[in-house]
Amino acid sequence: MKKPTGDDVLVGADHASSMTGSAQPNCLREGTGPESKYAKSWALYFGKFISAYKNLGVSVWAITVQNEPEFPAPWEACSYTAGIESSFIANHLGPQLRESHPDVKLFIFDHNKDHAPH
């Protein structure tokens, strides 16, 4: 994760201080509910990532929340259950994309479909 900028602080986004040693970094440890400042920061990062590419002339037509969301990576990575990913999208990433990039599509739970609720 990057260090916060003044703009990040103004919108109430906070940043994880360290992501080492965990498959569930600080951005998710406090949950993905509406009050999660780390999940809010993570969603803001997605928006800024898309904007940066757009400013360079690269169109982003779709994103995924996490590649292989249930993979227990031995390095710094997020892991998501279907419920956690759904909560992150509903409370943070969905609103962020609707506001800043309404044309960008969102793929969900794109690896572990055998574990997604039907």
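Thresholds, definitions, all that
Residues numbered from 1 in each chain as written. Predicted model: local features only at pLDDT ≥ 70, side-chain atom pairs only at ≥ 80, totals over all residues. Heavy atoms only, no water. Phe/Tyr/Trp six-rings, centres within 6.5 Å; stacked < 30°, edge-to-face > 60°. Helix = DSSP H or I, 4+ residues; strand = E, 2+ residues; numbered from the N terminus. Buried < 20%, exposed > 50% of the residue type's maximum accessible area, 1.4 Å probe, protein only. Bend = angle between axes of the 7 residues up to and from the residue. Core = buried A, V, L, I, M, F, W, Y, C linked by side-chain atoms within 4.5 Å. Contact = heavy atoms within 4.5 Å. Axes fitted to C-alpha atoms, helices over the stretch in contact; angles between N-to-C directions. Parallel < 35°, antiparallel > 145°, perpendicular 65-115°, else oblique. Left-handed = near helix turned anticlockwise from the far one by under 90°. Nonpolar A, V, L, I, M, F, W, Y, C, P; charged D, E, K, R; others polar. pLDDT = per-residue confidence, 0-100.

**Q** I would appreciate a short explanation of the packing of aromatic side chains in the present structure.
**A** Aromatic rings considered in pairs are described by the distance between their centres and by the relative angle of their planes. Taken as a whole and assessed by the stated rule, the structure comprises six aromatic pairs. Their ring planes at 50° and their centres at 4.9 Å tell us that F49 and Y53 sit as a pair that is tilted. Separated by four residues within a single helix, F49 and Y53 lie in helix α3 (residues 37–55), roughly one turn from each other. Classification of F49 as partly exposed rests on a relative accessible area of 36%.

**Q** Help me out: how do you make sense of helix α4 (residues 82–100) in this one?
**A** Because each turn of an α-helix spans 3.6 residues, side chains separated by three or four positions end up pointing in the same direction. Maximal helix bending in α4 amounts to about 50°, located at I89. Turning to α4, its buried residues are A82, E85, F88, I89, H92, L93, G94, Q96 and L97.

**Q** Hey, could you run me through the nonpolar core in this one?
**A** Across soluble globular proteins, nonpolar side chains show a tendency to be buried alongside one another. One finds W42, F46, I63, V65, Y80, F88 and L93 to be the most contacted residues of the largest nonpolar core, which totals 14 residues. Secondary-structure elements contributing two or more residues to this core are α3 and α4. Of the residues forming this core, the biggest block, five residues, is contributed by α3. Ignoring anything within four residues of it in the chain, the contact list for V65 reads F46, Y80, E85, F88, I89, L93, L106 and F107.

**Q** Would you explain the packing of α3 against α4 in this entry?
**A** A pair of packed helices can be characterised by two numbers: the angle between their axes and the separation between those axes. Close contact between α3 and α4 brings their axes to 9 Å; oriented N to C, the two are set at 30°. The pairing of α3 with α4 is recorded here as roughly parallel in orientation. Relative to α4, α3 is oriented so that their crossing is right-handed. Across from A39, K40, W42, A43, L44, F46, G47 and I50 in α3, the residues of α4 making contact are F88, H92, L93, Q96, L97 and S100. Considered class by class, the residues forming the contact of α3 with α4 number nine nonpolar, four polar and one charged.

**Q** Help me understand the confidence of the model for the protein chain, please; the structure alone is not making it clear to me.
**A** Detailed reading of predicted coordinates is not advised where the pLDDT is low. Looking at the protein chain, the pLDDT average stands at 79 and 69% of residues meet or exceed 70. Summarising per-element confidence for the protein chain, the mean pLDDT is lowest in helix α2 (residues 26–29) (59) and highest in strand β1 (residues 62–64) (94). Predicted confidence is poor over residues 19–26, with pLDDT under 50, and the contacts of this stretch with residues over four places away or in other chains come to 23 contacts.

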